[in-house]
Amino acid sequence: MRAWQIYALGGAAALSPNGCATGNLLPCQDIDGSGPLRNPERDSKEIAMDVLGGRRILILEEQAPIAQLLVDMVREFGCEVIGPAKDVPHALALIATEAPEAAILDVKIAGRNTLAVAEELSRRRTPFAFTSGNKTPELARRFGPAPVVTKPYSRETMHSLLRELIGGSGQP
């Protein structure tokens, strides 16, 4: 089971250099039989048909397991993934050649911030959000309107974030 599937079922996953720890609470019918079971496959199809369908999303994330989790989520939402870029020069090249409609940027790549990417996206008026293991005040001051999502994030959080970035109305 992929980490995003664990999140979708109400659980949690934590990745570290030592491995992956998971815990999950699987959804089930209420004891009295009145509550419906959640159907992630149906939910995925409904999500893919919303305003995110076909949108081009740049991902900048250096850690392969997290990048793959994010790629899987974004594709599940019906978006086209640009990247994932693993460093700032690669992200800047993708911005220049692929014209993303929104972006999700890890705050730090190889110990360095990704502000150059944020600045280029801002210059192009492309909405973006940062992901981080912790809140980063420097980014909040420099890019006030850019959301910062703390890792680990859920499928629902990422879906809401992308809808917010795109504008919810279908307009970038």
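Residues numbered from 1 in each chain as written. Predicted model: local features only at pLDDT ≥ 70, side-chain atom pairs only at ≥ 80, totals over all residues. Heavy atoms only, no water.

A. Seen up close, the nonpolar core. In terms of nonpolar packing, the biggest core is built from 22 residues, with Ile57, Val74, Tyr153, Met158 and Leu162 touching the most fellow members. Within the residue set of this core, elements represented by two or more residues are strand S3 (56-60), helix H3 (64-76), strand S5 (102-106) and helix H7 (155-166). Looking at this core element by element, the count peaks at six residues for H3. Not counting the four nearest positions on each side in its chain, valine 74 is found in contact with Ile57, Ile59, Cys79, Val81, Ile104 and Leu162. Grouped together as the second largest cluster of nonpolar side chains are 21 residues, Ala91, Ile109, Phe143 and Val148 included. (Core = buried A, V, L, I, M, F, W, Y, C linked by side-chain atoms within 4.5 Å. Buried < 20%, exposed > 50% of the residue type's maximum accessible area, 1.4 Å probe, protein only. Helix = DSSP H or I, 4+ residues; strand = E, 2+ residues; numbered from the N terminus. Contact = heavy atoms within 4.5 Å.)

B. Molecular detail of the environment of leucine 69. Checked against the element boundaries, leucine 69 lands in helix H3. Through-space distance from the C-alpha of leucine 69 to that of arginine 155 is 9.5 Å; in sequence the pair is 86 residues apart.

C. Geometry of unusual backbone geometry. Of note, the bond from glycine 83 into proline 84 is cis; its omega dihedral lies within 30 degrees of zero at 10°. Relative to the helices and strands, proline 84 is located in strand S4 (residues 80-85). For the bond running from lysine 151 to proline 152, omega is -5°, close enough to zero to count as cis. Relative to the assigned elements, proline 152 resides in the loop between strand S9 (148-150) and H7. The phi dihedral of alanine 110 is positive, around 55°, even though this residue is not glycine. Position of alanine 110 relative to the elements: it lies in the loop between strand S6 (108-109) and strand S7 (112-113). At arginine 125, a residue that is not glycine, the phi angle is positive and equals roughly 60°. With respect to the helices, strands and loops of the structure, arginine 125 is situated in the loop between helix H5 (115-123) and strand S8 (128-132). For arginine 125, a relative accessible area of 79% puts it in the exposed group.

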